[in-house]
Amino acid sequence: LIEGKAPTGAEVEWVAKEESYFFQLSALEEKLLEYYETNPDFIAPKSRRNEVLSFVKGGLKDLSVSRTSFRWGIPVPGDEEDHIMYVWIDALANYISALGYPNEGGDFDKYWPAALHVVGKDILRFHAVYWPAFLMAADLPLPKRVFAHGWWTKEGEKMSKSLGNAIDPVQLVEQYGVDQTRFFLMTEVGFGSDGDFSDKAMALKINNNLANELGNLCQRVLSMVFKNCNQAVPAAAGYTDEDLTLLAAAKSLQDRAAIAMSTQAIQVYANDLIQMVWDANKYIDDMAPWTLRKTDHERMETVLYVLMEVLRRVAILYQPIIPSSASQILDQLQVPETERSFAHLKCDQYKIQEGTPITKPQAIFPRIHMPQDD
């Protein structure tokens, strides 16, 4: 307890002594510790793993798994008249009963053990201690990984009804947009850590990374192509070292993204894309195709082609984070809807096709108005 309340801030109520069935959790203490030791990636992030290890090493007591003081709930088999099942027994069992367990075959055999449980940090103990123990007792395989995400605060304060500072996600979407909200939540803090929300931080993130960097890059590149390349994808006439370096970085994005997502490092995934866009903006400034337009039109076309191919790869990988906006970018790049999966990043046959007609580009990310903009 923290100042007499649960860690979530909720009030607690002490119940009178009552008859109860117990799960022999203490008998599985060593087995759990051995499992954590041989499967170090079972609990993530590391800080949460350490928290669970500390709790279990402190000694496990047998767990009360039934109540008699009320009647709502699932009756205990064999003692239906008096005992109701502890709610977490029923709730956790839904992971497998929803797949058809204990019936053999079907979805249970197909989908269990689960690859990943994503839970709030306040219910990590139930998922990383009690649930594995229940499964061990039933001689069933454990999920491969349990990841505990953090909480959001608002301007340094915990959100609560009493403070009146809770954030309505519907209003957030109405104010900033769906993709912009998704982008902020997935890039502002590392997944697993607590994050602090403020309107200023959100507006800055959207304006800097989406409007100024990604949106402006798309607009600059596609406007130049539309005006100076006969409204069609230009031809590449031989690459320089700078071109090849940028293209190689873009091609490596998918492998780096896969590594990040295998450990739920969503912020790392997003930051790799943000960095790629930053590199592309530096490239266009260094190459200055607006100057090449007057001195070396062929070189200008190659530069613009390289940038379109980089944007194709970035937009495909951005689809899980900003799906609607990424789709708009791919539309403007004239990438067919049938060629937008990650599989289409594997080989060069799906790269931007020279000579494909394009339309006049449209802005994708409007800037968010901030008071200091006045």
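Residues numbered from 1 in each chain as written. Predicted model: local features only at pLDDT ≥ 70, side-chain atom pairs only at ≥ 80, totals over all residues. Heavy atoms only, no water.

S.K.: I'm lost on the overall build of the protein in this one. Help?
M.R.: Of regular secondary structure, the protein possesses 13 helices and 10 strands. Relative to the globule expectation of 21 Å for 374 residues, the C-alpha radius of gyration of the protein, 27 Å, shows a markedly less compact shape. A buried classification covers 43% of the 374 residues belonging to the protein. At a minimum sequence separation of 6, the contacts of the protein that also span at least 24 residues come to 72%. As displayed, the protein has an accessible area near 20200 Å², and 52% of this comes from carbon and sulfur atoms. For the protein, the centre of its 36 positive side-chain charges and the centre of its 51 negative side-chain charges are spaced 5 Å apart. (Helix = DSSP H or I, 4+ residues; strand = E, 2+ residues; numbered from the N terminus. Rg over C-alpha atoms; globule rule 2.2 N^0.38 Å. Buried < 20%, exposed > 50% of the residue type's maximum accessible area, 1.4 Å probe, protein only. Contact = heavy atoms within 4.5 Å. Areas by Shrake-Rupley, 256 points an atom, 1.4 Å probe, with all protein chains shown as cover. Lys, Arg positive; Asp, Glu negative; His and termini not counted. Charge placed at Lys NZ, Arg CZ, Asp CG, Glu CD.)

S.K.: Sorry if this is basic, but what is going on with the pattern of salt bridges here?
M.R.: Any two side chains of opposite charge can pair, on the condition that their charged atoms come close. Throughout the structure, instances matching the rule amount to 11 salt bridges. The salt bridge involving Arg48 is made with Glu51; its shortest N-O contact spans 3.2 Å. In this pair, Arg48 and Glu51 both sit in helix H2 (residues 46-57), 3 residues apart, roughly one turn of the helix. The class for Arg48 is buried, based on a relative accessible area of 14%. On the basis of relative accessibility, which here comes to 39%, the residue Glu51 falls in the partly exposed class. Asp243 serves as the salt-bridge partner of Arg299, at 2.6 Å between the closest nitrogen and oxygen. Taken as a pair, Arg299 in helix H12 (residues 297-318) and Asp243 in helix H9 (residues 241-262) lie far apart in primary sequence, 56 residues in all. The class of Asp243 is buried, set by a relative accessible area of 0%. One continuous salt-bridge network, built from bridges that share partners, spans Glu309, Arg312 and Arg313. (Salt bridge = Lys/Arg side-chain N within 4 Å of Asp/Glu carboxyl O.)

S.K.: What is the right way to look at the packing of aromatic side chains in this model?
M.R.: Two measures describe an aromatic ring pair: the distance that separates the ring centres and the angle between the ring planes. Scanning the model with the defined rule gives 13 aromatic pairs in all. Summarising the aromatic geometry, the rings of Phe70 and Trp72 are spaced 4.8 Å apart at their centres and angled 15 degrees between planes, so their arrangement reads as stacked. Classification of Phe70 as partly exposed rests on a relative accessible area of 21%. Between Trp112 and Trp131 the ring centres are 6.1 Å apart and the planes differ by 70 degrees, which places this aromatic pair in the edge-to-face class. Of this pair, Trp112 sits in the loop between helix H4 (106-111) and strand E6 (117-120) while Trp131 sits in helix H5 (residues 124-137); the two residues are 19 residues apart in sequence, bridging distant segments of the chain. (Phe/Tyr/Trp six-rings, centres within 6.5 Å; stacked < 30°, edge-to-face > 60°.)

S.K.: So what exactly am I meant to see when it comes to the sheet that holds strand E10 (residues 195-197) here?
M.R.: Think of a sheet as strands paired side by side through backbone hydrogen bonds, with each pair either parallel or antiparallel. If you walk across this open sheet you meet the 3 strands as E9-E8-E10, and the pairing is mixed. Only two strands of the sheet have a single neighbouring strand rather than two, namely strand E9 (157-158) and E10. Bridging between strand E8 (residues 152-154) and E9 involves 2 bridges; their strand directions are antiparallel. When the bridges of E9 are listed, Thr153 appears paired with Lys158. (Pairing = 2+ DSSP bridges.)

S.K.: What is the right way to read the pairing of strand E7 (residues 146-149) from this model?
M.R.: Where strand E2 (residues 43-44) lies against E7, 2 bridges are found, and the strand directions are parallel. Pairing of Ile43 across the sheet is with Val146, part of E7. Here E6 pairs with E7 via 4 bridges, running parallel. Among the inter-strand pairings, Val119 is bridged to a residue of E7, identified as Ala148. Regarding the hand of the β-α-β motif, the stretch spanning E6, H5 and E7 is right-handed. (Right-handed = clockwise from strand over helix to strand, strands pointing away.)

S.K.: What is the right way to read the sheet that holds E7 from this model?
M.R.: Across the sheet, which stays open at both edges, the 3 strands sit in the order E2-E7-E6 with parallel pairing between neighbours. One side of each edge strand has no neighbouring strand; the edge strands of this open sheet are E2 and E6.

S.K.: For this particular structure, what's the right way to read the nonpolar core?
M.R.: Side chains of nonpolar character tend, in soluble globular proteins, to be buried together. Formed by 65 residues in total, the largest nonpolar core has its most connected members in Leu214, Val221, Leu307, Met308, Val310 and Tyr318. Of all the elements in the fold, those that place two or more residues in this core are helix H6 (169-176), helix H7 (178-187), helix H8 (199-228), H9, helix H10 (266-287), H12 and helix H13 (323-332). Per-element tally for this core: the top contributor is H12, with 14 residues. Beyond its immediate chain neighbours, meaning those up to four positions away, Leu214 contacts Asn209, Val277, Leu311, Val314, Tyr318, Ile322, Ile329 and Phe365. Core analysis: the next-biggest nonpolar cluster, separate from the first, contains 37 residues, Phe42, Val56, Ile96 and Phe126 among them. (Core = buried A, V, L, I, M, F, W, Y, C linked by side-chain atoms within 4.5 Å.)

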